[in-house]
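# Structural features, examined
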Amino acid sequence: MVHNHPSGDPSPSRADIDVTRKIVDAGKPLGIQVHDHIIIGSEGHASLRAKGLL
């Protein structure tokens, strides 16, 4: 998964983390694995997996 933050700050918000966990949980019974969630901003990018949030 990938999305951008128009503010420029790629830090994951509480909502980003919560929605990602809901999507991961929804995909499990279907055999769908979320490998990462990348957030792009003008100040760089953030990986939820690298931050230990996935």
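Numbering of residues starts from 1 in every chain and runs along the sequence as written. Per-residue local features are limited, in this predicted model, to residues with pLDDT of at least 70; the limit for side-chain atom pairs, both in listing and counting, is 80 or more; totals at the level of whole chains, interfaces and linings are taken over all residues. Only hydrogens and water are set aside; all other atoms, that is, all heavy atoms of the structure, feed into the side-chain values.

Covered by surrounding structure in strand S2 (residues 38-41) are Ile39 and Gly41 only, the residues Ile38 and Ile40 on the alternate face being uncovered. Paired strands are those between which DSSP finds at least two bridges. Secondary structure elements follow DSSP: runs of H or I of four or more residues count as helices, runs of E of two or more count as strands, with numbering from the N terminus. Two strands pair when backbone bridges link them, and strand S1 (residues 2-4) and S2 are joined in this way by 3 bridges, in the parallel orientation. Each bridged residue has a counterpart across the sheet, and for Val2 the counterpart in S2 is Ile38. Handedness of a crossover is defined as follows: with both strands directed away from the viewer, a clockwise route from the first strand across the helix to the second makes it right-handed. Taking the sense of rotation as the criterion, the β-α-β connection linking S1, helix H1 (residues 14-27) and S2 turns out right-handed. Residue burial is assigned from relative accessible area. The probe radius is 1.4 Å, only protein chains are included, and a residue is buried under 20% of its type maximum, exposed over 50%, and partly exposed in between.

One speaks of a salt bridge when a side-chain nitrogen belonging to Lys or Arg is within 4 Å of a carboxyl oxygen belonging to Asp or Glu. Inspection of the entire model under this criterion finds 1 salt bridge. Asp18 is the salt-bridge partner of Arg14, the closest N and O atoms lying 3.3 Å from each other. Residue Arg14 and its partner Asp18 are located together in helix H1, separated by 4 residues, close to a single helical turn. Residue classification places Arg14 among the exposed positions, given a relative accessible area of 52%. Asp18 sits in the partly exposed class, given a relative accessible area of 33%.

Mapping Ser47 onto the fold places it in strand S3 (residues 44-47). Any N or O atom pair separated by 3.5 Å or less is treated as a polar contact, with the protein-specific requirement of one donor-capable and one acceptor-capable atom, and with residues adjacent in sequence counted only for side-chain atom pairs. At 2.7 Å, the side chain of Ser47 forms a polar contact with the side chain of Asp36. Looking at Ser47, its side chain comes within polar contact range of the main-chain nitrogen of Ala50, at 3.0 Å. In this structure, Ser47 is in contact with Asp36, His37 and Ile38, ignoring residues within four places of it in sequence. Throughout, a residue-residue contact means that at least one pair of heavy atoms, one from each residue, lies within 4.5 Å.

As judged from the 4 bridges shared by S2 and S3, these two strands associate in the antiparallel manner. By the bridge assignment for S3, Ile39 is matched with Ala46. Here S2 hands over to S3 after 2 residues, the two strands then running antiparallel side by side.

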